[in-house]
Amino acid sequence: MVLEAKTDAPQLELDQSSQAGFCKWFLSLPQDPQVVRFIDRKGFYSVHGDSALFIARDFYRTLAVVKYLGGPLPATTPAAKTPGTTPKSSTKTGLPSVTLNRTLFETVLRALLLEGGQHSVELWEGSGSNWTVTK
């Protein structure tokens with residue numbers, strides 16, 4: 001299933017310290033390209049890392065919805081190319097992240113588990129650096 005990018009995607013608002021802590025925790029998890037980890041943000045969901053890029057490409061059909069946590073903007077993002085702004089680094093830094101409202105979460109979940117069949121899914125709940133897998 002393919003979805004059009006929407007501008008009403010939920011915003012993940014974390015200060016720099018929270019971003020750094022979350023990125024450190026997320027990157028400490030075993031990396032498996034077949035596992036898509038959804039983070040329950042109490043009202044919306046977020047997906048990070050390569051899975052975020054996969055969802056942006058396959059469901060939103062644009063990388064414009066990807067935000068980078070814990071680092072400067074990559075030089076390839078539209079915001080980094082905006083006149084008058086200077087990216088801090090020319091390499092991709094930070095953790096790629098996308099957010100999904102509940103409806104989009106359910107659509108993606110259904111597509112991954114029923115139509116795709118090649119992915120497994122984890123649902124994480126918690127806050128700060130205290131996250132637990134629930135399903």
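Because the structure is predicted, anything quoted here is derived from the model rather than measured.

(A) Local environment of the pattern of salt bridges. All chains considered together, the criterion is met by 3 salt bridges. Where glutamate 122 meets arginine 37, a salt bridge forms, and the shortest distance between an N and an O atom there is 2.8 Å. A residue pair is termed long-range when its members are at least 10 positions apart, and glutamate 122 in strand E5 (residues 120-127) and arginine 37 in strand E1 (residues 35-40) qualify at 85 residues. Accessibility expressed as a relative area gives 8% for arginine 37, which makes it buried.

(B) Here's a closer look at the packing of aromatic side chains. Going through the model one piece at a time under the given rule, you end up with 9 aromatic pairs. On the numbers, 5.9 Å between centres and 75° between planes, the contact of phenylalanine 22 with tryptophan 131 is edge-to-face. Pair noted here: phenylalanine 22 is in helix H1 (residues 16-28) and tryptophan 131 is in strand E6 (residues 130-133), with a separation of 109 residues, a long-range link. Given a relative accessible area of 2%, phenylalanine 22 falls into the buried group. Of the residues examined, tryptophan 131 reaches a relative accessible area of 9% and is grouped as buried. Over the face of the ring belonging to phenylalanine 22 we find arginine 41, whose NZ or CZ atom lies 4.7 Å from the ring centre.

Reading guide: rules and limits
- Residues numbered from 1 in each chain as written.
- Predicted model: local features only at pLDDT ≥ 70, side-chain atom pairs only at ≥ 80, totals over all residues.
- Heavy atoms only, no water.
- Salt bridge = Lys/Arg side-chain N within 4 Å of Asp/Glu carboxyl O.
- Helix = DSSP H or I, 4+ residues; strand = E, 2+ residues; numbered from the N terminus.
- Buried < 20%, exposed > 50% of the residue type's maximum accessible area, 1.4 Å probe, protein only.
- Phe/Tyr/Trp six-rings, centres within 6.5 Å; stacked < 30°, edge-to-face > 60°.
- Lys NZ or Arg CZ within 6 Å of the ring centre and 35° of its normal.

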